[in-house]
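Below are the chains, spelled out letter by letter.
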Amino acid sequence: MATLIEADGGVYTGTAVSSVQRRPIGRIIARRLVQVPIVLFIVSVLVFWLVQVVPGDPGRSVLGPYATDAQVALWKEQHGIVGASVEGYLTWLGAFLRGDWGISLLYNEPVRPLITAWLINSMTLGVYAFVLVVVFGIALGLFQAFHQGRRSDRGLTIGLVSLSAIPEFAVGTVLLVVFSVFLGWFPVYSGILPDTTLSDRLRAMTLPAFTLMAASVGYVARMVRAGTIETLESPFYRTAVLKGLRERQIVSNHVIRNSLVPSVAVLGGQLAYLIGGTAVVETLFSYPGIGLASVVAVQRKDIFVLEAVIMVTALASIVLLLVTDLIYMALDPRIDISSRNQQ
Amino acid sequence: MTLQVESLSVEYRTPRGVHPALRELSFCVEPGQSYGLVGESGSGKSTAALALVRYLARNGRVSRGRITLDGTDVLGIEGEELRQYRAKQVAMVYQEPVRSLNPTMRVGAQIAESLGSGPGTSSEVLLLLERVGFEDPGQIALRYPHQLSGGQAQRVVISMALASRPQLLILDEPTTGLDVQIEAAVLGLIDELRADLDAAVVMISHNLPLVAARCDRVGVLKDGILVEEGDAQEVLSYPQHEYTQELIAALPDIDVPKSGGSFRRSAPVVLRAEGVRKLYGGNPVVDDVDLEIRSGEVLALVGESGSGKTTLGRAVAGLTRHEGRIDINPARGERNPVQIVFQNPDASLNPKRTVRRILQGSIRLLGGDSSVESLMEQVGLDPSLADRYARELSGGQQQRVAIARAFAGPTTLVVCDEPVSSLDVSVQAKIIDLLRQLQERTGVAYLFISHDLAVVRALADRIAVMRHGKIIETGPADDIYTAPRRSYTKALLRAARYQPTHALEESFSLEPSSIEPRLLVAAGV
Amino acid sequence: MSVIDIKLAPLVLSKASRTVTKPQGVGGKLLRRPTFVLSVLILGFWVAAPVVLAFLGLDGLNRTGGVNQPPGGGHPFGTDNLGRDVFIRTLAGAGPILTIAPAATAIATVVGAAMGLAAGYFRGIVDDLLMRSFDILHALPGIIAILLVTAAFGRSPVTIMIAIGIFFAPIIARTVRSAVFVETGKQYVESARSQGESTWRILFVELLPNVAPTLIVEATIRLGFAVFASAGLSFLGLGAQPPSPDWGLVVSQNRIFIQTAWWSVTFPALAIMTLVVAVNLIADNLREVLQS
């Protein structure tokens, strides 16, 4: 496919061929790849600076009030804690890039393996929730589109938007009270240990996953609905119907792909959110993921953990958004990512 | 195989009650014949087309009447029968060809769908593409719709319509939005195919002369009622109904030159443009243009979409950056020497402001001394409309407000960018007349941009023909209309006179292969 | 019944049936919508409840009954682990959220509208800066970033307002920017420009009224999310501090008693749901009326 588009791109690099200009895909990817380190760099500066500004001296809080200033200073030096200076930033960044993410002040263990374990837990939960979001989002969106303007459609729209704005702890609390306290189907705490069986893990993750789904499904359903309605009202849908095609052919060749393409962008954003920003849900359910860890790290000023957590989640979400855009582009031959942000 | 429409009435349910769109429409088309349904926007002509293919909007309903095609009771069939009718008996060509094709499917596959599945489909697709004039069908079949120009897409749609060898071919404004030569080519192609297929053809259009030149019979629709019907040439030459007479009287006459006018050849130059260039994405849209307009002169800048005429107009009005020089010499030291009137009056008026506030603002900015009311009277607007919002006015009234804004104070040059092309024919003539009167009264100069040589005939002192970003011919209006030098200008004149052009005329071959791609792009081919 | 009914053509009103409606008062249109009226009443209830309670001298901070009593008797929602009345505390709990969320939304709206107008109108570098700052905020894990900011600059309500406001501003800016793009594509802006109108007047007199409906709707939606964010912060312990009856704080404090005193967490959770749903219904109705 790439060669065909390149061939066309060669002939039609002009303005009037269509409303959408095309550029070689390679250049688009290159441009985006250049942006990744720039964004990451700015994030790293922000993070480093903010973490340093957080009040309280980590050395003092670990060693206690009876340690001498010299002891605190020595401890900090041993743990590689430097001040909010350019040199400090460069030292930290250099070590970070080499894979030396420091020692957790709270657990007294190297940060990297800790983060890896949390991240795996969060990603498992995130993927579980994401599958729910995709399934329910597409089903609800399609249902709404085919019932456009009716009471069921409007009710679902309002319900889903509201659901996405209700704080996760409120939804989660109600789910906990109903399904764990009264019905007893799921555990009240979702702690996971290395020897927890798979079925217990699934049981532990189900309520958190549904809580996360409640917040995310509305966006996806809305996009699916809008995409489907746009397709059903489009001239090309009319063409397909007036060609006398069979229903099955119309839906599979003309409706599905055109309706779902716009949702891909939202899905990517949701996946990024689900695997990175679930602090509230993980805290509510005591689920040992990266969100819970970061809350604890902020509260206890575990600075190396905090820095690494934010850098890793930022990287993950940037990469996910990039991948989403590429999938988007592959699905829709018209999309030119480089101009999507500008228009 | 006759198409027969009898007493067809269609109505739409709207929040404000039932709106009748068609009342008792009856007509009949024999195989091999073509029938033109003509009307302005809102006349019900598109509703008629949609009823023929049973694709009325959900709130639309046939309240009366019968449609029969070759014995099939079109309004009575459902389900599989309806599908078969759409697949085999009827085909439609649409107004927006690019949007009528599935954007995520290669055009070859879309044509194949029309053929139904079966052995040898792909070679049939290529034959069809060849039939509609593509020299490289294999390459076209692999393209996506957005990689086609409007003309190419329309030929793809036509090839899909051909695939089923339909008995009834419906053309819904098939050339609106296409450039004149492409329009001629597409219409020529349809003519050939009609003879080939021996199909009944129904053509829907707002353009009476165009339809009259192409169809055997025409019907004129107004507010859902067929007010006149008859032999195409007869209706055009001897219209019986008052409305048809009005429509024809409103058509600009390309053979009646400008009368009067105060322009003197020795008047001082108010606009001098030298070497104006504007690039979009590395391609020159305006390419090294020189231009001069004298005080009180009307210069018509004529060209097709993509020729760069609008960009040049915007550059003159100071709305876009450009290379080269544009010097304006205010005739009487005006503060604001260049004004612009846009094509789409709806968008050019702020919807959140009343007519009064819009005009007050302009009078303040242009240093005018007239009141809002007198300004409105000057452009033929009832001053009682002053406290309406722009969106509450009709298209013609909106354009009058936009014109009033340009004349709110002393000015030297008014750029008129296709000021009538989004209006109905009956309104166009009145706006042109208004612009002529205002120009004579105030003595401003016009840079009048248009794609239609007929429209500017009554106004222009001088014509500049633009193509591919360059001005290729310029001269006094009379010379251009009577003795054009360039073959391109001749083609534009032929199109403006609705003289048939052969589908694939030598100098305007539609195929990209032989011409430099950049030029094709600029031409929109 | 098949979900997909292909035979029905979609609802497309022909141009013919589009007639110009006489504009009615926006207020009148809104008041004729039952969901809007109901939502305003709910919102009004939550605004009034803490004020009335304070006026009555009830702050929900003191022990008034037995520990962890189930609903019933003198305590319709039961009592919590310190014997405080859950009903009173739930009513009083609207206070902190309804101070922080609207203030944060106001900050975000003012900053965002200014950024969006500037980026949409001037484009170029201004626009690039906005979009890149949006990218960066997008890359940061939302609530953790706000958490970090509040940890760094103190947990005062003002810090939280500003943090949420700054975090939401680019989102509002992006919406405004797109609306400005649509509007500047219309020639009334160019027309004003070509007649020599000042940039200031074009931005605030020509453009802003046309962007206002979008801005109002977006601000209302953001208000819902500001409730979301500020409640989330207090749930994580970075907002109100004990013994405040703030809903998020109450839920997190009583989380460990969920099996013995489910009422102490359920009612604040339900309360915040009614508030958020009301705000969203208001936003939805505004969108229907202002943007149709």
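**Observations regarding the packing of aromatic side chains**
What the rule picks out here adds up to 19 aromatic pairs over all chains. For the ring pair Trp92(A) and Phe96(A), a centre distance of 5.6 Å and an interplane angle of 40 degrees mean the geometry is tilted. With a gap of four residues between them, Trp92(A) and Phe96(A) both fall in helix H5 (residues 86-98), about one helical turn apart. The class for Trp92(A) is buried, based on a relative accessible area of 8%. An angle of 5 degrees between the planes, with centres 4.9 Å apart, marks the rings of Phe169(A) and Phe235(C) as stacked. Taken together, the residues Phe169(A) in helix H8 (residues 168-182) and Phe235(C) in helix H9 (residues 199-235) connect one chain to another. Here the two residues Phe169(A) and Phe235(C) agree in accessibility, since each one is buried.

**Looking at the nonpolar core**
Of all hydrophobic cores here, the largest spans 140 residues; its most connected members are Ile115(A), Ile164(C) and Ile272(C). Take this core: its biggest share by element is 13 residues, from H9(C). If we ignore the near neighbours within four places in the chain, the residues touching Ile164(C) are Ala104(C), Ile146(C), Ala226(C), Ala229(C), Ser230(C) and Leu233(C). Core analysis: the next-biggest nonpolar cluster, separate from the first, contains 94 residues, Leu52(B), Leu168(B), Leu193(B) and Tyr243(B) among them.

**Here we look at the packing of helix H2 (residues 34-56) of chain C against helix H11 (residues 263-290) of chain C**
All names here are of chain C. Packing of H2 against H11 brings their axes to within 8 Å, and their N-to-C directions diverge by 135 degrees. For the element pair H2 / H11, the angle class is oblique. Crossing angle aside, the handedness with which H2 passes H11 is left-handed. Here H2 contributes Thr35, Phe36, Ser39, Val40, Ile42, Leu43 and Trp46 to the contact with H11, which in turn contributes Ala271, Thr274, Leu275, Ala278, Val279, Leu281, Ile282 and Asn285.

**A short note on the pairing of strand S3 (residues 34-38) of chain B**
Residues and elements named next belong to chain B. With five of its five residues buried, S3 lies for the most part within the structure. Pairing of S3 with strand S8 (residues 200-205), which is carried by five bridges, proceeds in the parallel orientation. Within the sheet, the bridge partner assigned to Tyr35 lies in S8 and is Val202. For S3 and strand S9 (residues 217-222), the ladder comprises four bridges, and the chain directions are parallel. Bridging across to S9, Leu37 finds its partner in Gly219.

**So, the pattern of salt bridges**
Counted by the stated rule, this structure contains 40 salt bridges over all chains. Notably, a salt bridge pairs Arg246(A) with Glu80(B), separated by 3.9 Å at the nearest N-O pair. Taken as a pair, Arg246(A) in the loop between helix H10 (235-242) and helix H11 (247-276) and Glu80(B) in helix H2 (residues 79-89) lie in two separate chains rather than in one. By relative accessible area, Arg246(A) is classed as partly exposed at 42%. For Glu80(B), a relative accessible area of 42% translates into the label partly exposed. Across the pair Arg356(B) and Glu373(B) runs a salt bridge whose closest N-O atoms are separated by 3.0 Å. On the criterion of sequence distance, the pair formed by Arg356(B) in helix H13 (residues 355-366) and Glu373(B) in helix H14 (residues 372-378) is long-range, its members being 17 residues apart. Classification of Glu373(B) as partly exposed rests on a relative accessible area of 29%. Overlapping salt bridges bring together Arg154(A), Arg33(C), Asp284(C), Arg287(C) and Glu288(C) as one network.

Calculation rules
- Residues numbered from 1 in each chain as written.
- Chains lettered and ligands numbered in written order.
- Predicted model: local features only at pLDDT ≥ 70, side-chain atom pairs only at ≥ 80, totals over all residues.
- Heavy atoms only, no water.
- Phe/Tyr/Trp six-rings, centres within 6.5 Å; stacked < 30°, edge-to-face > 60°.
- Helix = DSSP H or I, 4+ residues; strand = E, 2+ residues; numbered from the N terminus.
- Buried < 20%, exposed > 50% of the residue type's maximum accessible area, 1.4 Å probe, protein only.
- Core = buried A, V, L, I, M, F, W, Y, C linked by side-chain atoms within 4.5 Å.
- Contact = heavy atoms within 4.5 Å.
- Axes fitted to C-alpha atoms, helices over the stretch in contact; angles between N-to-C directions.
- Parallel < 35°, antiparallel > 145°, perpendicular 65-115°, else oblique.
- Left-handed = near helix turned anticlockwise from the far one by under 90°.
- Pairing = 2+ DSSP bridges.
- Salt bridge = Lys/Arg side-chain N within 4 Å of Asp/Glu carboxyl O.

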